[in-house]
Amino acid sequence: MATEQREKWATYYMSSITLLGGSILIWSILQLEPITNLWILLLLFALLVVSEYYPMPVWRGFTAISFPILYVSFLIFDFTVTAVIYAIAVFFVNVVKHRPLRIILFNPAQLTICLFVSMQCIIWLDGWVQSLSLSDAWLGIVQFTLMQLVFFVINNLIVDIVLILRPQRYTVKAWMTKTLTELSAVSISLIYGGMLYVLGSQNRGNVDVITYFFFFSPLVGFSLLSSVIVRLGAEKRRMKALFHITSQLNQLVPGKFQLTELKKSFQDFIHADSFILLIKAGNHWKVQLSHAVDEPDTIDRDPAVNAMVSKKEHLIIRNTRTANDAKTNLLPSDLRNHAYFPLCVEGELLGLLMAGRNRSNSFTDEDVQSIATLTNQLAIALKSSQLVKEKEKRVLLEERNRIARDIHDGIAQTLAGVVMKLETAERRMHTQPEIALSLIDTSIIQLRQGLKNVRESIYALRPDPTERVGLTGAIAAKLEAIRSEEPFNLTFEVKGHERELPAELEKEMYAIFHESLQNVKKHAQAKTLNVSLDYQDQQVIMRITDDGKGFSLYEALVEKRKLSHFGILQLHQSAEKIGATLHVNSEPGVGTDITLTVSDVPEGGHNR
């Protein structure tokens, strides 16, 4: 049977039940007589409203534990009064909860039929019950039990037929789960019915409105409490899912937007029968997450997607059967309630979340607000990921341009000069061999210098040494390499409890050490070099001392154009970048002492 045809049969069936139940209700209203015990009637009506508004949760819905109240109303008044107050209570609750019109009319009619059939069965079976020769209390318990069971069977039969006729799949497992959970409500009603006759068989004085209030308060209180507990539990699961989603969003690898592991958390938070999350990639869309959705192949032509491109604000379709809005072809066609949430940042549409539920008007205002909040976070995470990608591209482009400039201004110029010298040497080899040999020697020197520059460029492209072995390991490795190149007497000492520092901090500290070491090699003419790292509780001190020729710091700063000591300014700039203090002590003929103090570095390697 086609989906549309099954939906029509379900609609016809529900209309028939509504018409039949409405007819019984109209007949009951016409049969009403003047009511006595008005306060008791008002109390029972109020209890019915509370029990219907806060029903006990069952499979995919709730069921009210209101049958004992109905039974007492039937005993005190009659069927007509009970049917009318019950229908009014159910109608009022459905209106307050903003249920669809077909549900507002169907539910009171359905329950009126169940009440009518159950009470007629009791009347028909009254002779058989009386023949059992039981005490009055046991006769009442049997009557209550039979009436409750008939009400349960008829009510579930009507609902099951609706679920079978509708296009949505209704499995045997779902039926068993629904039936067993509703039987728990029946068991509670049966216990309360037994208490009604056990206590009623005792002489406890006049039964007034206060008596009924205290008798039914535990029942209504239990219904209210169980409903609130379940709602709080559902909200707790949603908040847990939201926490997991936001935590994972914060831990996403920069530049990579992958949410595959969050599918269950999305389902728990959105609580939709079907959803799909689309991400815009250039001029096309791709599926990032989906639940109960066939893999689409026409996303770009979907009417809801095209509507969101221009609208860029959330859209709720309360009932897809009657809506004129653009409906998606990506969600299953049998879903009644659709919700579309765009992922926008500063007017730019980055993605789209579409969700659907079986029941009309099932997306409440609270659902819309919470899902909209989630999509805003998703949009920010997606935009951040895109910005990181763009930054990586710019950094890569800048690095390529820098390498190109270095090659052009460095090795390319060197090679061009060497080629010109060698060509000149070739022309003068026979006429002026001395000049030719001199040109060749100069070319060899330039080539060696160019080779050195190339090696330094390759070394600069490698990962920072501190990223591989840490600050201490990088300094130790560099000093070990220097031992074979320079005639230094080198010492390296690590004091205190060595710990890992933030990566950027270690990188800058190593850069300062490397620049200081280069200055010593080029200018100090030192024989001894001492390096130390002192890890203290709240600071780290790096000290580099040599016994070279030293210099006048004042004269070096005044004459900055001389490249000999211009590196001192670079050292200070590097120290300022990490909020450190740099002290340079030097005098001609005495040597140089460079001390770098990095403060406020607690245990664990995190700057405060």
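Keep in mind it's a predicted model, so treat the numbers as computed, not measured. Within each chain, residues carry numbers counting from 1 in the order of the written sequence. In view of the model being predicted, local features appear only for residues whose pLDDT reaches at least 70, and side-chain atom pairs are presented and counted only at 80 or more, with totals across whole chains, interfaces and linings using the full set of residues. Remark: hydrogens and water are excluded; side-chain values derive from all non-hydrogen atoms of the structure.

J.: How should the sheet that holds strand β11 (residues 581-587) be read in this particular structure?
T.: Across a sheet, paired strands are connected by hydrogen bonds in the backbone, their directions being either parallel or antiparallel. Whether two strands pair comes down to DSSP finding at least two bridges between them. Helical segments are the DSSP runs of H or I of at least four residues, strand segments are the runs of E of at least two, and each set is numbered from the N terminus. The strand order across the open sheet built from five strands is β8-β9-β10-β12-β11, with neighbouring strands paired in mixed fashion. Both edges of this open sheet fall to β8 (489-496) and β11, since each of them pairs with a single strand only. On average, adjacent strands in this sheet sit at an angle of 10° to one another, irrespective of strand direction. With seven bridges connecting them, β11 and strand β12 (residues 591-599) associate as antiparallel partners. Among the inter-strand pairings, N585 is bridged to a residue of β12, identified as D593. Convention adopted: a line fitted to C-alpha atoms gives each axis, helices being fitted over their contacting stretch, and angles between N-to-C directions are expressed from 0 to 180 degrees.

J.: I'm lost on the sheet that holds strand β3 (residues 274-281) in this one. Help?
T.: Taken in spatial order, the five strands line up as β4-β3-β7-β6-β5 in an open sheet, and their pairing is antiparallel. Of all strands in the sheet, those bounded by a partner on one side alone are β4 (284-291) and β5 (315-317). Going across the sheet, the axis of each strand differs from the next one's by a mean of 15°, ignoring polarity. Running at roughly 75° to β4, helix α10 (residues 263-270) makes contact with β3, β4 and β7 (348-357) of the sheet. The contact rule is simple, with two residues in contact once any of their heavy atoms fall within 4.5 Å.

J.: Honestly, the nonpolar core in this entry has me stumped. Any pointers?
T.: Burial of nonpolar side chains together is a common tendency in soluble globular proteins. We define a nonpolar core as any set of buried Ala, Val, Leu, Ile, Met, Phe, Trp, Tyr and Cys residues linked to one another through side-chain atoms lying within 4.5 Å. Think of it in three bands: residues with accessible area under 20% of the maximum for their type are buried, residues over 50% are exposed, and the middle band is partly exposed, with areas taken using a 1.4 Å probe on protein chains only. Membership of the largest hydrophobic core comes to 51 residues, with the highest contact counts inside it found for I69, Y86, L115, M147 and F216. Those elements giving two or more residues to this core turn out to be α1 (3-30), α2 (38-53), α3 (67-76), α4 (79-96), α5 (101-124), α7 (136-165), α8 (172-200) and α9 (209-250). Counting residues in hydrophobic clusters, the runner-up holds 35 residues, among them I512, A580, L596 and V598.

J.: Please explain the side chain of R238 as it appears in this structure.
T.: Inspection of the secondary structure assignment puts R238 in helix α9. Any pair of nitrogen or oxygen atoms within 3.5 Å is treated as a polar contact; in protein, a donor-acceptor pairing is required on top of that, and neighbouring residues in sequence qualify only through side-chain atoms on both sides. Polar side-chain contacts of R238 include one of 3.0 Å to the backbone oxygen of F269. Not counting residues up to four positions away in its chain, the partners in contact with R238 are D268, F269, D367 and S370.

J.: Even after reading the chapter, I still don't get the packing of α4 against α5, so can you show me in this structure?
T.: Helices that pack against each other are described as a pair by the angle of their axes relative to one another and the distance between those axes. Running from N to C, α4 and α5 cross one another at 155°; their axes reach a closest spacing of 9 Å. The angle between α4 and α5 falls in the class roughly antiparallel. For the pair α4 and α5, the sense of crossing is right-handed. Listed contacts from α5 to F79, T82, A83, Y86, A87, V90, F91, N94 and V95 of α4 are I103, I104, L105, N107, P108, L111, T112, L115, F116 and M119. Relative orientations are named as follows: roughly parallel for angles under 35 degrees, roughly antiparallel for angles over 145 degrees, roughly perpendicular for angles from 65 to 115 degrees, and oblique for any other angle. Crossing handedness is defined as follows: a turn of the near helix away from the far one that is anticlockwise and smaller than a right angle gives a left-handed crossing, while the clockwise case is right-handed.

J.: How should the pattern of salt bridges be read in this particular structure?
T.: Salt bridges are counted wherever a side-chain nitrogen of Lys or Arg sits within 4 Å of a carboxyl oxygen of Asp or Glu. Scanning the entire structure with this criterion turns up nine salt bridges. For E508, the salt bridge goes to K577, with nearest N and O atoms at 3.2 Å. Highlighted residues: E508 in helix α16 (residues 503-524) and K577 in helix α18 (residues 567-577), separated in sequence by 69 residues.

J.: Explain the packing of aromatic side chains here, please?
T.: Geometry of aromatic contacts follows a simple scheme: Phe, Tyr and Trp rings, the Trp one being its six-membered ring, pair when their centres are within 6.5 Å, and the pair is stacked under 30 degrees between planes, edge-to-face over 60, tilted otherwise. As enumerated under the stated definition, the model contains 13 aromatic pairs in all. For the pair F67 and F151, a centre-to-centre distance of 5.3 Å together with 50° between the ring planes defines the contact as tilted. Taken together, the positions of F67 in helix α3 and F151 in helix α7 put the pair 84 residues apart, joining distant regions of the chain. Taken as a pair, F67 and F151 share a single burial class, namely buried. Measuring from ring centre to ring centre gives 5.4 Å for F213 and F214, while their planes differ by 80°; the resulting arrangement is edge-to-face. Members of the aromatic cluster, each reached through a chain of ring pairs, are F67, Y71, F144, F151 and Y197. To sit over a ring, a charge needs its Lys NZ or Arg CZ within 6 Å of the ring centre and within 35 degrees of the ring normal. Over the aromatic face of F269 sits the side chain of R238, whose NZ or CZ is 4.5 Å from the ring centroid. Here the basic side chain of R357 rests over the ring of F363, its NZ or CZ set 4.1 Å away from the ring centre.

J.: Honestly, the confidence of the model for the protein in this entry has me stumped. Any pointers?
T.: Atom-level detail of predicted coordinates should not be read off regions where pLDDT is low. Summing up the model confidence of the protein, the mean pLDDT is 84 and the portion of residues at 70 or higher is 90%. Per residue, pLDDT measures the predictor's confidence, with a range of 0 to 100. For the stretch residues 561-566, pLDDT sits under 50, and the model shows five contacts to residues farther than four places along the chain or on other chains. Note that pLDDT drops below 50 for residues 604-608; the model gives that stretch 13 contacts with residues more than four away or on any other chain.

J.: Help me understand the environment of V186, please; the structure alone is not making it clear to me.
T.: Topologically, V186 is positioned in helix α8. Each C-alpha atom, one on V186 and one on S118, is 14 Å from the other, the two residues being 68 residues apart in sequence. In this structure V186 touches Q148, L149 and F152, once residues within four positions along its chain are discounted.

J.: Before we go on, may I ask you to explain unusual backbone geometry in this structure?
T.: A positive phi angle is found at A292, which is not glycine, with a value near 55°. Position of A292 relative to the elements: it lies in the loop between β4 and α11 (303-311). In this structure A292 comes out as partly exposed when scored by relative accessible area, which is 46%. We note that K312 has phi near 60°; this positive angle belongs to a residue other than glycine.

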